[in-house]
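Chains, contacts and geometry: an overview
Single-letter residue listing:
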Amino acid sequence: MKNFETTIKQLLSVDGALSAAVVDYSSGMLLAGEGISTLDLEIAAAGNTEVMRAKMKTMEMLGLKDNIDDILITLGSQYHLMRPLTKHDGLFLYFVLDKSKSNLALARRALVDAEHGL
């Protein structure tokens, strides 16, 4: 858990970061998370677990033998990024950014770096 907390702090240092979390998509449980937004991370973890499961199931049904790098959901004022962790099967990083204050390419790079740090 301490390593998860360090990863969350690292992600929150990115320009425009609002929230970051580690989520178990087999249960939908929030394992670690923090944010400066009004976003309820417990609800976000459970809801985005459904997104992750749906994409995994769709890839399986299509016979795609590939890995998801990340999933991006673009809202009017926010980016929501999800990145499955290859070293920790069943977990994903969830990252919320203020669209007007962030750089999407740098945010995606921060997720890659965060994963390598776990």
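Everything that follows concerns the structure shown earlier in this document.
Residues numbered from 1 in each chain as written. Predicted model: local features only at pLDDT ≥ 70, side-chain atom pairs only at ≥ 80, totals over all residues. Heavy atoms only, no water.

Reading across from one edge, β2-β1-β5-β4-β3 is the order of the 5 strands in this open sheet, with antiparallel pairing throughout. One side of each edge strand has no neighbouring strand; the edge strands of this open sheet are β2 (29-35) and β3 (71-74). On average, each strand axis in the sheet is inclined to that of its neighbour by 15 degrees, with strand direction left out of account. Where strand β4 (residues 78-84) and strand β5 (residues 91-98) come together, 7 bridges link them in antiparallel fashion. Across the sheet, Pro-84 pairs through a bridge with Phe-92, a residue of β5. Across the face of the sheet, helix α2 (residues 41-62) comes into contact with β1 (17-24), β2, β3, β4 and β5 while running at roughly 120 degrees to β5. Its contacts with the sheet place helix α3 (residues 104-117) against β3, β4 and β5, and it is angled at close to 30 degrees to β4. (Pairing = 2+ DSSP bridges. Helix = DSSP H or I, 4+ residues; strand = E, 2+ residues; numbered from the N terminus. Axes fitted to C-alpha atoms, helices over the stretch in contact; angles between N-to-C directions. Contact = heavy atoms within 4.5 Å.)

For the rest of this paragraph, the subject is the pairing of β4. Where burial is concerned, most of β4 is hidden: 7 out of the 7 residues are buried. Of the two faces of β4, the one holding Gln-78, His-80, Met-82 and Pro-84 and the one holding Tyr-79, Leu-81 and Arg-83 are both buried throughout. Here β3 pairs with β4 via 4 bridges, running antiparallel. Across the sheet, residue Ile-73 finds its bridge partner in β4, namely His-80. With antiparallel pairing between neighbouring strands as the criterion, β3 and β4 make up a hairpin whose turn holds 3 residues. Counting the residues that bridge the hairpin from β4 to β5 gives 6 residues, and of these Gly-90 lies at a positive phi of roughly 95 degrees. (Buried < 20%, exposed > 50% of the residue type's maximum accessible area, 1.4 Å probe, protein only.)

Membership of the largest hydrophobic core comes to 20 residues, with the highest contact counts inside it found for Leu-11, Leu-93, Phe-95 and Leu-97. The set of elements that each furnish at least two residues to this core consists of α1 (2-12), β1, β4, β5 and α3. Contacts of Leu-11, omitting those with residues within four sequence positions, involve Ala-17, Ala-20, Leu-93, Phe-95, Ala-110, Leu-111 and Ala-114. In this structure, Val-23, Leu-30, Leu-41 and Ala-44 belong to the second largest nonpolar core, which totals 16 residues. (Core = buried A, V, L, I, M, F, W, Y, C linked by side-chain atoms within 4.5 Å.)

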